[in-house]
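Analysis of the macromolecular model
Okay, here's what each chain looks like letter by letter:
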Amino acid sequence: MKKSTVRSRFRANKMTVAGGIIVLCLFLAAALAPVISPYDPEAVNRHSVLAAPSLEHLLGTDDLGRDVLSRMLYGAGISLSVGFVSVGIATAVGIALGAVSGYYGKAVDAAVMRFVDIMLSIPTFFLILAVIAFLDSSIWNIMAVIGLTSWMGVSRLVRVEFLSLKNREYVLAAKASGASDLRIILAHMLPNSLAPVIISAVLGIAAAVLVESALSFLGIGVQPPTPSWGNILSAGKDNLEIAWWLSVFPGLAILVTVMGYNLLGEGLRDIFDPRLWDERS
Amino acid sequence: MFTYLTKKTLEMLITFVGITIISFAIIHFAPGKPTDVLTDLNPKITPEARAKLEKYYGLDKPVTTQYALWMKRVVMLDFGESFSSDHRAVWTKIKERLPITLYINIASLLIILAIAIPIGISSAVRRHTLYDKITTVGVFVGFAMPGFWLALLLMMFFGVHLHMLPVAGLKSAGFAEFSFSQKVIDILRHLVLPIFVSSFGGIAGISRYMRGSMLEVIRQDYMTTAKAKGLTPGKIIYVHGLRNALLPIVTILGLSIPGLIGGSVIFEQVFSIPGMGQLFYMSVMSRDYPLVMGILTIGAVLTLAGNLFADLGYAAVDPRTRR
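Per-chain numbering applies: the sequence of each chain, read as written, is numbered from 1 onward. For this description, chains carry letters from A and ligands carry numbers from 1, given in the order in which they are written. Residues qualify for local features only when their pLDDT is at least 70, as the model is predicted, and side-chain atom pairs are given and counted only at 80 or more; totals for whole chains, interfaces and linings, by contrast, use all residues. Each side-chain value is derived from all of the structure's non-hydrogen atoms; neither hydrogens nor water enter the calculation.

Here we look at the overall build of chain A
For the record, the criterion: Helix and strand assignments come from DSSP, with helices taken as H or I runs of at least 4 residues and strands as E runs of at least 2, each series counted from the N terminus. Each residue's exposure class comes from its accessible area (1.4 Å probe, protein chains only) as a fraction of the maximum for that residue type: buried when under 20%, exposed when over 50%, partly exposed otherwise. Should any heavy atoms of two residues lie within 4.5 Å, those residues are considered in contact. Per-residue accessibility takes into account occlusion by the displayed protein chains alone, with areas from the Shrake-Rupley method and a 1.4 Å probe.
Scanning chain A for helices and strands turns up 12 helices and 0 strands. Counting only C-alpha atoms, chain A reaches 75 × 50 × 30 Å along its principal axes. When burial is assessed residue by residue, chain A has 50% of its 281 residues classed as buried. Here the analysis covers contacts within chain A between residues at least 6 apart in sequence; of these, 73% occur between residues at least 24 apart. Per element, the accessible surface of chain A, about 12,300 Å² overall, is 66% carbon and sulfur.

Some thoughts on the pattern of salt bridges
For clarity, the cut-off: Salt bridges are identified by distance alone: a Lys or Arg side-chain nitrogen within 4 Å of an Asp or Glu carboxyl oxygen.
Under the definition given, this model contains 12 salt bridges over all chains. A salt bridge links A:Arg114 to A:Asp117; the nearest nitrogen and oxygen atoms lie 3.7 Å apart. Placement of both A:Arg114 and A:Asp117 in helix α3 (residues 106-121) is noted, with a separation of 3 residues, approximately one turn of the helix. A salt bridge links B:Lys8 to B:Asp311; the shortest N-O distance between them is 3.5 Å. Taken together, the positions of B:Lys8 in helix α1 (residues 2-29) and B:Asp311 in helix α12 (residues 289-317) put the pair 303 residues apart, joining distant regions of the chain. Classification of B:Lys8 by relative accessible area gives buried; the value is 17%. Assessed through its relative accessible area of 24%, B:Asp311 is described here as partly exposed.

Looking at a nonpolar patch on the surface
Heads up, the condition is: What makes a patch is a set of residues exposed beyond 30% relative accessible area and free of salt bridges, joined within 9 Å when like-charged and within 5 Å when nonpolar (Val, Leu, Ile, Met, Phe, Trp, Tyr).
On the surface, a nonpolar cluster with roughly 480 Å² of combined accessible area is contributed by A:Leu24, A:Leu28, A:Leu32, A:Val35 and A:Ile36. Mapped onto the fold, A:Val35 is located in helix α1 (residues 3-36).

Quick notes on the nonpolar core
The test is simple: Remark: nonpolar core denotes a set of buried residues (Ala, Val, Leu, Ile, Met, Phe, Trp, Tyr, Cys) joined through side-chain atoms within 4.5 Å.
Core analysis: the biggest nonpolar cluster contains 107 residues, and A:Leu129, A:Tyr261 and B:Phe280 have the highest contact counts within it. Element by element, the count of residues in this core is highest for helix α9 (residues 194-218) of chain A, at 11 residues. If we skip the residues at most four places from it in the chain, B:Phe280 touches A:Phe126, A:Leu129, A:Ala130, B:Val265, B:Val292, B:Ile295 and B:Leu296. Counting 20 residues, the second-largest nonpolar core is a separate cluster that includes B:Ala124, B:Ile206, B:Met214 and B:Ile236.

Digging into unusual backbone geometry
The residue after A:Pro224, namely A:Pro225, is reached through a cis peptide bond having omega 10°. If you trace the backbone, A:Pro225 turns up in the loop between α9 and α10 (229-238). A positive phi angle, close to 50°, is found at A:Lys106, a residue other than glycine. Relative to the helices and strands, A:Lys106 resides in helix α3. The phi dihedral of B:Leu77 is positive, around 60°, even though this residue is not glycine.

Considering the packing of helix α7 (residues 147-161) of chain B against helix α8 (residues 180-218) of chain B
All names here are of chain B. We count it as follows: Each axis is a line fitted through C-alpha atoms, taken for helices only over the stretch in contact, and angles between the N-to-C directions span 0 to 180 degrees. Crossings are classed by handedness, with left-handed meaning an anticlockwise turn of the near helix from the far one by less than a right angle and right-handed meaning a clockwise turn.
One can describe the packing of α7 onto α8 by two numbers: an axis separation of 9 Å at closest approach and a directional angle of 145°. For the pair α7 and α8, the sense of crossing is right-handed. Residues Gly147, Leu150, Ala151, Leu154, Met155 and Phe158 of α7 touch α8, and the partners they reach there are Leu193, Phe196, Val197 and Phe200.

Overview of the side chain of A:Thr16
Examined against the element boundaries, A:Thr16 turns out to sit in helix α1. Apart from residues lying up to four places away in sequence, A:Thr16 is in contact with A:Leu263, A:Leu264, A:Gly267, A:Leu268 and A:Ile271.

Quick look at the interface of chain B and chain A
Spelled out, the test is: Buried area counts how much accessible surface, traced with a 1.4 Å probe, disappears from two parts once they are put together, with both parts' losses summed. Two N or O atoms count as a polar contact when they lie within 3.5 Å, although within protein this holds only if one can serve as hydrogen donor and the other as acceptor, and sequence-adjacent residues are included solely when both atoms are side-chain atoms.
Across the contact, 52 residues belong to chain B and 46 residues belong to chain A. Here chain B and chain A share an interface that buries about 4,500 Å² over both sides, 78% of which is from carbon and sulfur atoms. The three residues of chain B that bury the most area against chain A are B:Phe140, B:Phe148 and B:Trp149, which together make up 15% of that side's buried surface. If you look at where chain B meets chain A, you find 1 salt bridge. Our count for the contact surface shared by chain B and chain A stands at 4 residue pairs in polar contact (both at pLDDT 80 or more).

Here we look at the packing of helix α5 (residues 90-125) of chain B against α12(B)
All names here are of chain B. Convention followed: Throughout, the term roughly parallel applies to angles under 35 degrees, roughly antiparallel to angles over 145, roughly perpendicular to angles from 65 to 115, and oblique to all others. Asp, Glu, Lys and Arg are counted as charged, while Ala, Val, Leu, Ile, Met, Phe, Trp, Tyr, Cys and Pro are counted as nonpolar; the rest, among them Gly, fall into the polar class.
Between α5 and α12, whose axes approach to 10 Å, the crossing angle comes to 40°. In terms of orientation, α5 lies oblique with respect to α12. Once α5 is placed against α12, the crossing between them reads as right-handed. Side by side, α5 and α12 meet where Val90, Trp91, Lys93, Ile94, Leu98 and Leu102 of the first sit next to Pro290, Leu291, Gly294, Ile295, Ile298 and Leu302 of the second. Among the residues forming the contact of α5 with α12, the class breakdown is 10 nonpolar, 1 polar and 1 charged.

Topic: α8(B)
Keep this limit in mind: A helix is expected to span 1.5 Å for every residue after the first. The bend at a residue is defined as the angle formed between two axes, one fitted to the seven residues ending at that residue and one fitted to the seven starting there.
Taking 1.5 Å of rise per residue, 39 residues should cover 57 Å, yet α8(B) covers just 50 Å from first to last C-alpha, more than 12% shy of that figure. At B:Leu191, α8(B) shows its strongest bend, of approximately 35°, with the proline B:Pro194 following within four residues.

Digging into the environment of A:Ile78
Mapped onto the secondary structure, A:Ile78 falls in helix α2 (residues 68-104). Separated by 39 residues in the primary sequence, A:Ile78 and A:Asp117 place their C-alpha atoms 31 Å from one another.

Things to note about the confidence of the model for chain B
Worth spelling out the cut-off: As a per-residue quantity, pLDDT reports the predictor's confidence and falls between 0 and 100.
Residues of chain B with pLDDT of at least 70 account for 92%, and the chain-wide mean is 83. Across chain B, α5(B) holds the top mean pLDDT of 91, while helix α2 (residues 34-41) of chain B sits lowest at 57.

Structural data, given as structure tokens:
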């Protein structure tokens, strides 16, 4: 192995580990929230409204006297579940359309790819906003809408993989031995094209977390009293002059979380893709 | 060149129709009727009056007929009348909000290009140096930064603590009495933070792509040839390299336009800027269907226009695409 190869693989591993630790901490915070939260996240306390961070309330309290640290710990679970479920939906849709497009080619491919182009031309945030406001902003609707507007990248990746795999000998052999299209796609081709899908899914979670927090910040995402980082920030905006802690801490949590997923995704990309070992470190 | 343009125009038309169909379908299959909003304000309304309202808006006809009727009027820029109490034409409402959103987006695009391209080139050329490492960390932070949070922090710092910049709206109190130069300075002062926020993420993204693209180009044979000819390093990078490295960037810029337009909802809401994004937020919240459809359509047109510019830019940089 060349020296630069070793160096860039080591660097990729450092990124992956750093990202992995951040994501792990997030999981822990979400799982342990009921145990380690100092207060009930929805408990209103009229005697300590907008209290600055202190030993009693480590990250202060909000405009209803609720403990910010407790709300943020519970918010981690919201952010995590929105991220995973919406990316799960996007990945499933993307794999299905990309596989069909790449496997069958011709008119099917042309139609699916035109649909992808159309979806990519819509200002997605407009679309999400419209749908969420017309439906009600339950967390399931948010997950579904984010998922259904972010599958296009995955479908393109899967299509390209399938185009290059479909004339490989093992695929032709499976076809010759009479395997059904579905079996060839699921059992033979999909497992061989998963690496880019996993990477794009990890990066997709980061994007989904950002969209959810933006929606909640605008007041059409996760609805109070259920805590989410975005809706704490929304209270932060209303109290910008007097309560900096409401704006600083939840935003920092979003930033670190998104960076964690991005580091993990980029690190995995570098590890999986041997073409990158020499060239772009 | 002619067939190229015809093909592009046809593709754009198909995309445009596709976008309007998707938007139309989503809005019309959503539960709740637009007349609910009107009737909620007036609880005494009779079922007959409600039916009359529905008929007036064509809501009793099948969705396909509604779409056809709507499309026929859209071609003549007639998006119908807003459901809100002022009953003004949708196009008039959009027209007065559109310019400010366009100015901010174009200004951010120019700033993104002006900052991101030099950063990308210089970190590609100085790969593995301290400078490259610092910009890489900066890019990771920029990628992950929620725009609205950055906006809050800047408002808190420059507005609340330092009292240096205004934090909301476009004009100060007493704007009407200002002299012309005072007016210009006042508006610019209001625009500094919004434009900074809306270009921040783009700078991170584009500079990263520029770096990757430049690294790809540096390895090519024609770069070695240029070096062998004895050209100066500056000439090699900026004349031979840049032109080729810019190609993928043009495509990515075209793709990033829907994101920029969508993002305007967030920063216009945070900074209380009376642009199209804020109008969209209000129209969605009040279920003003004609206005929502109108803005979605205009957003699609802007995106397609952006893509067209990207394609033309591509053709300008790379003669091969013109065939």
